[in-house]
Amino acid sequence: MQLTQKRKTVFIAFLAFDVLVVMAVISLFQIRGERDSQAALREIGVTIYPQARTLSEFRLLDQQGEFFTKADFQGSWNLVFFGFTHCPDICPLTMAELAQFYAGLDFNQDVKPRVLLVTVDPEQDNPASMAAYLANYNEEFIGLSGDPEQISQLAAQLYVGYGDAVESAAATGSHEHDGRPAEDDAAQGNYLIEHSAHIAVINPQGDYYAVMRAPHRDQDLIKAFRELVK
C-alpha cells in the first residue's frame, strides 16, 4: 500500500516525536546519573564546581629546582595539597593517605594523576627539603616552594588559608620570643603553622575543577578520583 503525501508527513512527524521522546528519556537518565554521582561524591567530602575556575599565572620551584608554572598543570589531573615539612600531624597523615591512594591505582586502567605538595613555610622549605620529605611517601610526588608572595596568591585562588609560624607546645617555656619561631626552634621543627587541609583538584586544562575536603582516606580518594575523571 502506497502512502499518500499526507500520511507520509504524519508518519514522519510521529517518528520524529518518538525520537525526541527517546532522546529526552536518555537525557533524564544522564542527568539523574550525574546527580547521583555528585551526591555520592558529596558523601565522601568531594564537590565539583559548577564551572571550573581559571587560575592566574604563577611561578614556583619544584624539588629539582626547576620552575613550575600554571602551564605545568596542563595535560594531567593534579591533586594539590598545602602543608610543610615540619608539620607534626595533618601533613604526614594526609601525605600517607595520598601515598596509599597513589599506590592503590592501577595505571594499566586508571588515569595517572600528579600529586603536589605546596609549602606554606617557604622561609624554611626549599627544593632540597621538599625532595627529602617527599621521598618518605613517593618520589613521583611534586613538591613546590619558592617566593612567598607567589605561594600566597596560588593559595588564595585555591581557597587555602594559612597563618604565621608560632612556637609549638614543645618549645613553650624554653624560649621567650614574639610568637615567631626562634632560629633554633625552626631548625628543630618546634613550631606550628595552621593551614587548610583540603585537596584541590586541577583538571588537565589547568583549571580548579573540584575540592576534596578532610578527613582524607585512601579508598575514598580512589573512589572519588575515578569518578571525577571518568
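Residues numbered from 1 in each chain as written. Predicted model: local features only at pLDDT ≥ 70, side-chain atom pairs only at ≥ 80, totals over all residues. Heavy atoms only, no water.

Caption draft 1: Local environment of the overall build of the chain. The helix and strand tally for the chain stands at 6 helices and 10 strands. Buried residues in the chain amount to 40% of all 230 residues. Across the chain, the fraction of contacts at a sequence separation of at least 24, relative to all contacts at a separation of at least 6, is 71%. Accessible surface for the chain amounts to roughly 13,000 Å². Of this, 53% is attributable to carbon and sulfur atoms. (Helix = DSSP H or I, 4+ residues; strand = E, 2+ residues; numbered from the N terminus. Buried < 20%, exposed > 50% of the residue type's maximum accessible area, 1.4 Å probe, protein only. Contact = heavy atoms within 4.5 Å. Areas by Shrake-Rupley, 256 points an atom, 1.4 Å probe, with all protein chains shown as cover.)

Caption draft 2: Focus on the pairing of strand β9 (residues 199-202). Burial along β9 is two-sided: the face carrying Ile199 and Val201 and the face carrying Ala200 and Ile202 are both buried. When strand β4 (residues 78-83) meets β9, the two strands line up antiparallel, connected through 4 bridges. For Val80, the partnering residue across the bridge sits in β9 and is Ala200. Relative to strand β10 (residues 207-212), β9 runs antiparallel, the two sharing 4 bridges. (Pairing = 2+ DSSP bridges.)

Caption draft 3: Structural detail: the side chain of His195. Mapped onto the secondary structure, His195 falls in the loop between β8 (191-192) and β9. Since its relative accessible area comes to 16%, His195 is described here as buried. Looking at His195, its side chain comes within polar contact range of the main-chain oxygen of Phe82, at 3.2 Å. With near-sequence residues (within four places) excluded, His195 lies in contact with Phe81, Phe82, Gly83, Phe84, Cys87, Ile90, Cys91, Val120, Gly161 and Tyr162. (Polar contact = N/O pair within 3.5 Å; in protein donor to acceptor, adjacent residues only side chain to side chain.)

Caption draft 4: Seen up close, the pairing of β10. Burial runs high along β10: 5 of the 6 residues are buried. Looking at chain direction, strand β1 (residues 46-54) and β10 are connected through 5 bridges and run antiparallel. Bridged to Arg53 within β10 is Tyr208.

Caption draft 5: Representation of the packing of helix α2 (residues 90-104) against helix α6 (residues 218-229) within the structure. At a closest axis distance of 8 Å, the pairing of α2 and α6 adopts a crossing angle of 55°. As summarised for this structure, α2 and α6 are arranged oblique, according to the angle between their axes. In terms of crossing hand, the pair formed by α2 and α6 is right-handed. Contact with α2, carried on its side by Glu97, Leu98, Gln100, Phe101 and Gly104, involves Asp218, Leu221, Ile222, Phe225 and Arg226 of α6 and no other residues of that element. Considered class by class, the residues forming the contact of α2 with α6 number 5 nonpolar, 2 polar and 3 charged. (Axes fitted to C-alpha atoms, helices over the stretch in contact; angles between N-to-C directions. Parallel < 35°, antiparallel > 145°, perpendicular 65-115°, else oblique. Left-handed = near helix turned anticlockwise from the far one by under 90°. Nonpolar A, V, L, I, M, F, W, Y, C, P; charged D, E, K, R; others polar.)

Caption draft 6: Geometry of the sheet that holds β9. Spatially, the 6 strands line up as an open sheet ordered β1-β10-β9-β4-β5-β6, and their pairing is mixed. Looking at which strands have only one partner, the edges of the open sheet turn out to be β1 and β6 (142-144). Between one strand and the next, the sheet's axes are offset by a mean angle of 25°, whatever the strand orientation. The strands touched by α6 within the sheet are β1, β4, β9 and β10, with β10 carrying the most contacts at an inclination of about 150°.

Caption draft 7: Region of the structure containing the environment of Ala131. Looking at the element boundaries, Ala131 is found in helix α3 (residues 127-134). Residue classification places Ala131 among the partly exposed positions, given a relative accessible area of 29%. Sequence separation of Ala131 and Ile142 is 11 residues, and the distance between their C-alpha atoms is 8.2 Å.

Caption draft 8: How the structure looks around unusual backbone geometry. Going from Ala214 to Pro215, the amide bond is cis rather than trans, its omega being 0°. You can see Pro215 is positioned in the loop between β10 and α6. Positive phi outside glycine occurs at Tyr159, with the angle close to 60°.

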